[in-house]
Amino acid sequence: MTFSPAVRVGATVACDTLREALRGRLSWLLVALGAGGFALSAFLGALALTDTRETQAALLAALLRLACAGIVAVFVVASIVREAHDKQTEMLLALPAGRAAWLLGRLAGFALLAVLVALPAGLLAGALAAPAQAMLWSAGLVCELWIVAVFAAFCALGLGHAAPALCATGGFYLLARSAAVLQWLAHDAAQRAPDASQRFIAAGADAVAFLLPRLDSFARAEWLLYGTGTAADLAGVLAQSAIFLTLLTAACLVDLHRRRF
Amino acid sequence: MTSTRPVPRAVALTLAAALVAQVSWHALHPLTSAAAVALPAAPPMAVLRLASLGENEALAKLLLLSLAAHDGQAGAALSLRALDYDRVVGWLERAVTLDPRARAPLAAASEVYAAVPDAARVRVMLAFVERQFAADPARRWPWLAQAALVARHRLHDLPLARRYARELRLRAPGAPPWARQMEAFVLEEMDEREAARAVIGALLDSGQITDPNELRFLARRLEGMQEEMRQPPRRTEPAAQSPPGL
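As the structure is a prediction and not an experimental result, all values here were calculated from the model. (Residues numbered from 1 in each chain as written. Chains lettered and ligands numbered in written order. Predicted model: local features only at pLDDT ≥ 70, side-chain atom pairs only at ≥ 80, totals over all residues.)

**Q** How would you sum up the overall build of chain B? Please name residues and give values.
**A** Looking only at helices and strands, one finds 13 helices and zero strands in chain B. Scored against the burial criterion, the 246 residues of chain B give a buried share of 35%. Long-range pairs, those at least 24 residues apart, make up 62% of the contacts in chain B with a sequence separation of at least 6. (Helix = DSSP H or I, 4+ residues; strand = E, 2+ residues; numbered from the N terminus. Buried ≥ 20, exposed ≤ 12 C-beta atoms within 10 Å, placed from the backbone. Contact = placed C-beta atoms within 7 Å.)

Printed below as a string of C-alpha cells:
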C-alpha cells in the first residue's frame, strides 16, 4: 500500500509533533496531573459532609478541564513559536508536499497530544462516576481540547509570539465557556429594560455566541454526578466539534497560504 | 552522560546562605492565626452563573465548601451562633439554584446549621428547608422529616412540627411509611432520644443514604443516642440551652 508524498509528510510531521511533546516532559506532567487530581479528590472527600462522591467528581472534573486546556494550549503555542523562531517552518514548507500537508500533520499531532492529555482526566473521572458517563465526559473533553489546540495553533501561526497567542487562546476559551450565560444575561436585561442600547448588547451577545462553539456543553459535570449524559449529547458535541474544527483549520490554511516567508 | 562544569564556590555559598536566610525568616515570623471574618452576602446569581463557566454543579459544591470554611473558623458552636443566618440562607439558596439535585445544601441546613443553640436561627433554617421541600417534595422529603423532628424536640413547637409532618404526608407520596406516619408520631408524646433514634435507624435501614461520610455521621449519632439511653433519663431542656444536634 503506497501513500502520496503529502500523506507521508503529514504523518511524519504528526509523529514528530507528538515526539517533541513527549520529550518535553509531557509524560511527567501527565503523571503529576493524575497524582495531583487523586490527592485533591481525597482531600475534597474528607471535607464534604455529604454528597462526597458528587463533590469530588464535580470539582475534580472542573479543575481537570481547565488544567488540560491550559496544558494543551501552552504546548501547542510553544511548539509552533519555537519552530518558527528556529526557521524550521520555512524548511518544512519548502518540501514538495505543500503547506496543507505540513499544517494538517501538525494539527493531527496536536490532536494525538490532546488525547494523551485527556487520558488521566478520563481515568480519574471513571473512578468517580459510572463508566459510560465517564467515557462520554472524556469524549467531550477530547473534543474540547482539539478545539483549544487548533485555535492555539491558529493564534500562534498568526501572531508569531507566545504571550499574545496564549492570551488570545485563554480569552477565546473563557468566552466560549461563558458565551451562553452572557447571551442569557443580555437577553434578560433587554427584556427588563427594552431600550435600544440593551437590544444592541443582546444582538452583540448573540453574534458572539453564534460565532463560538458552546464549550460549556462539552464535558458537563452533571453527566458524572447524575448520569444525565445521552447519545444525543455526544452527537451534538461531535457535530459542533466537526463544524468548528473545519472552520478553524480552513482559517489556518488561508493564513498560511497567503503568507510570504 | 551529560558533562557538567563545577559551580564557582561563591555561587554555591550564596545559594546555601540564601536558603538558610529563607528558612530562618519563616522560623522567626510564624504564621499568625487568621482573624475570624464575617460571612459576606452571597454573590448575585448572574455573577455566579458567569463565574461557573458552565460548571454549575462544581460551583455549587465550591460554595458549600467555602460556607463550611466560615463556620469552622473559631469552633463550631461559637461560630454558628456568630453567623448571620440570613446570609447563610442566601448561600444555601444559591447552591440549590445552581444544582437543584444536590442533597448537601439541605443536609447542611437541617443537620448542621439547625443545630445552633438559638431558636430564632433554627427557625430560619427550618423555613429554608420547608421552602425548598415545596419546590421538589419527591426528592427533598428526608430533610423536611428532619425539620419536623427539630421543631418537635428542639423548638418544642408542636404546631410547626405537625405542619411539616402533614406536608410530608400530603405532598411526598413516594416517601417511606415511617416518614408519612410522622404526623401521628409527632402527636404522640414520645421521648426525644427515642424518636430521633427511630428516625435515624429507619434512614440507615432504608438504604437511601449511600454516602460513606453521611453514613458514618448518622451511625455515630445513633451509637451516641443508644449510649445516652442506657443512662438514667433526664428532663428535656429548652431549645436555648440544649446542646447542638437533634
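**Q** Explain the overall build of chain A to me, and be specific about the residues and the numbers.
**A** When helices and strands are tallied, chain A shows ten helices and zero strands. Secondary structure elements of chain A occur, N-terminal to C-terminal, as α-α-α-α-α-α-α-α-α-α. For 261 residues, the compact-globule estimate of 2.2 N^0.38 gives 18 Å, and the C-alpha radius of gyration of chain A, at 20 Å, lies within 12% of that figure. Taken along the three principal axes of its C-alpha coordinates, chain A extends 60 × 50 × 35 Å. Sequence-distant contacts, at least 24 apart, represent 80% of the contacts inside chain A between residues at least 6 apart. (Rg over C-alpha atoms; globule rule 2.2 N^0.38 Å.)

**Q** Please give an account of the domain arrangement of chain B that cites residues and values.
**A** Residues and elements named next belong to chain B. Domain boundaries in chain B define domain 1 (39–102) and domain 2 (104–246). Counting only elements with at least two residues in the side of domain 1 that touches domain 2, the list comes to α4 (76–82) and α5 (85–98). Considering each element in turn, the side of domain 1 that touches domain 2 owes the most residues, seven residues, to α5. Looking at the side of domain 1 that touches domain 2 residue by residue, the classes come out as eleven nonpolar, no polar and two charged. (Domains from an automatic or database assignment. Nonpolar A, V, L, I, M, F, W, Y, C, P; charged D, E, K, R; others polar.)

**Q** Describe the packing of helix α7 (residues 162–192) of chain A against helix α8 (residues 196–211) of chain A, with residues and values.
**A** All names here are of chain A. Running from N to C, α7 and α8 cross one another at 155 degrees; their axes reach a closest spacing of 8 Å. Overall, the two elements α7 and α8 adopt an arrangement that is roughly antiparallel. Viewed along their axes, α7 and α8 form a crossing whose handedness is left-handed. On α8, the residues that touch Leu 175, Ala 179, Ala 180, Leu 182, Gln 183, Ala 186, His 187, Ala 189 and Ala 190 of α7 are Gln 198, Arg 199, Ile 201, Ala 202, Ala 205, Asp 206, Val 208 and Ala 209. Residue composition of the contact of α7 with α8, grouped by class: twelve nonpolar, three polar and two charged. (Axes fitted to C-alpha atoms, helices over the stretch in contact; angles between N-to-C directions. Parallel < 35°, antiparallel > 145°, perpendicular 65-115°, else oblique. Left-handed = near helix turned anticlockwise from the far one by under 90°.)

**Q** Talk me through unusual backbone geometry; I want residue IDs and the actual numbers.
**A** A positive phi angle, near 65 degrees, is found at A:Arg25, a position not held by glycine. Examined against the element boundaries, A:Arg25 turns out to sit in the loop between α1 (5–23) and α2 (26–47). Even without a glycine there, the phi angle at B:Leu53 is positive, about 50 degrees. B:Leu53 sits in the buried class, given 20 other C-beta atoms within 10 Å.

**Q** Could you give an account of helix α7 (residues 119–135) of chain B, naming the residues involved and the relevant values?
**A** Residues and elements named next belong to chain B. In this model, α7 (17 residues) spans 25 Å end to end at C-alpha, consistent with the 24 Å of a helix rising 1.5 Å per residue. Those residues of α7 not exposed but buried are Arg 121, Val 122, Met 125, Leu 126, Phe 128, Val 129, Gln 132 and Phe 133. The arc that holds every buried residue of α7, seen down its axis, measures 155 degrees, which confines them to one face. Residues Ala 120, Arg 131, Ala 134 and Ala 135 are exposed on α7 and point more than 90 degrees away from its buried face. Close packing links the buried residues of α7 with α5, α6 (104–112), α8 (137–153) and α9 (158–171). (Expected span 1.5 Å × (residues − 1). Arc of directions from axis to C-beta.)

**Q** I'd like to hear about the packing of α2(A) against helix α3 (residues 52–85) of chain A, residue by residue, with values.
**A** Residues and elements named next belong to chain A. Direction vectors running N to C along α2 and α3 enclose 160 degrees, while the axes themselves pass 9 Å from each other. In terms of orientation, α2 and α3 fall into the roughly antiparallel class. Every pair of crossing elements has a handedness; the one defined by α2 and α3 is right-handed. Residue-level inspection shows Leu 26, Leu 29, Leu 33, Gly 37, Leu 40, Ser 41, Leu 44 and Gly 45 of α2 in contact with α3, the latter providing Thr 52, Thr 55, Gln 56, Leu 59, Leu 60, Leu 63, Leu 64, Ala 67, Ile 71 and Phe 75. Residues belonging to the contact of α2 with α3 are distributed by class as follows: twelve nonpolar, six polar and no charged.

**Q** Explain the interface of chain A and chain B residue by residue, including any values.
**A** Residue-level contacts link 25 residues of chain A with 22 residues of chain B. For the side of chain A that touches chain B, the secondary-structure elements that each account for two or more residues are α3, α7 and α9 (221–226) of chain A. With eight residues, the top contributor of residues to the side of chain A that touches chain B is α3(A). Among the residues forming the side of chain A that touches chain B, the class breakdown is 14 nonpolar, five polar and six charged.

**Q** Quick rundown of the nonpolar core? Include the residues and the values.
**A** Counting 132 residues, the largest nonpolar core has A:Val72, A:Leu145 and A:Ala153 as its most contacted members. In this structure, this core is formed jointly by two domains, domain 1 (39–102) and domain 2 (104–246) of chain B, each of which donates at least three residues. In contact with A:Val72, other than residues within four places in its own chain, are A:Leu113, A:Ala114, A:Val117, A:Leu145, A:Val148 and A:Ala149. (Core = buried A, V, L, I, M, F, W, Y, C linked by C-beta atoms within 7 Å.)

**Q** Pulling in residues and values, what's your account of the environment of B:Ala58?
**A** Within the fold, B:Ala58 resides in helix α3 (residues 56–71). For the pair formed by B:Ala58 and B:Arg103, sequence separation is 45 residues and the distance between their alpha carbons is 14 Å.

**Q** For α6(B), give the residues involved together with the corresponding values.
**A** With respect to burial, α6(B) is a largely interior element, nine of its nine residues being buried. When we look at burial in α6(B), the residues that qualify are B:Ala104, B:Pro105, B:Leu106, B:Ala107, B:Ala108, B:Ala109, B:Ser110, B:Glu111 and B:Val112.

**Q** Please set out the environment of B:Arg169 residue by residue, giving values where relevant.
**A** Residue and element names in this part refer to chain B. As for its position among the elements, Arg 169 is in helix α9. The class of Arg 169 is partly exposed, set by 16 C-beta atoms lying within 10 Å. Placed 67 residues apart in sequence, Arg 169 and Ala 102 show a C-alpha to C-alpha distance of 23 Å. In contact with Arg 169, other than residues within four places in its own chain, are Arg 180 and Glu 183.

**Q** I'd like to hear about the confidence of the model for chain B, residue by residue, with values.
**A** Residues and elements named next belong to chain B. Here chain B shows a mean pLDDT of 78. Residues at 70 or above account for 74%. Per-element averaging of pLDDT across chain B places helix α11 (residues 182–187) at the bottom with 64 and α5 at the top with 94. Below a pLDDT of 50 lies the segment residues 235–246, which in the model reaches 23 contacts outside its immediate sequence neighbourhood of four places, other chains included. Reported confidence for the predicted complex is 0.71 by ipTM and 0.75 by pTM. (pLDDT = per-residue confidence, 0-100.)

**Q** Describe the environment of B:Glu55, listing the residues and the values that go with them.
**A** For B:Glu55, the position within the fold is in the loop between α2 (45–51) and α3. Classification of B:Glu55 as buried rests on a count of 25 C-beta atoms within 10 Å. Residues B:Glu55 and B:Leu98, 43 residues apart in the sequence, show an inter-C-alpha distance of 9.0 Å. Filtering out sequence-adjacent residues up to four positions away, B:Glu55 remains in contact with A:Ala62 and A:Ala221.

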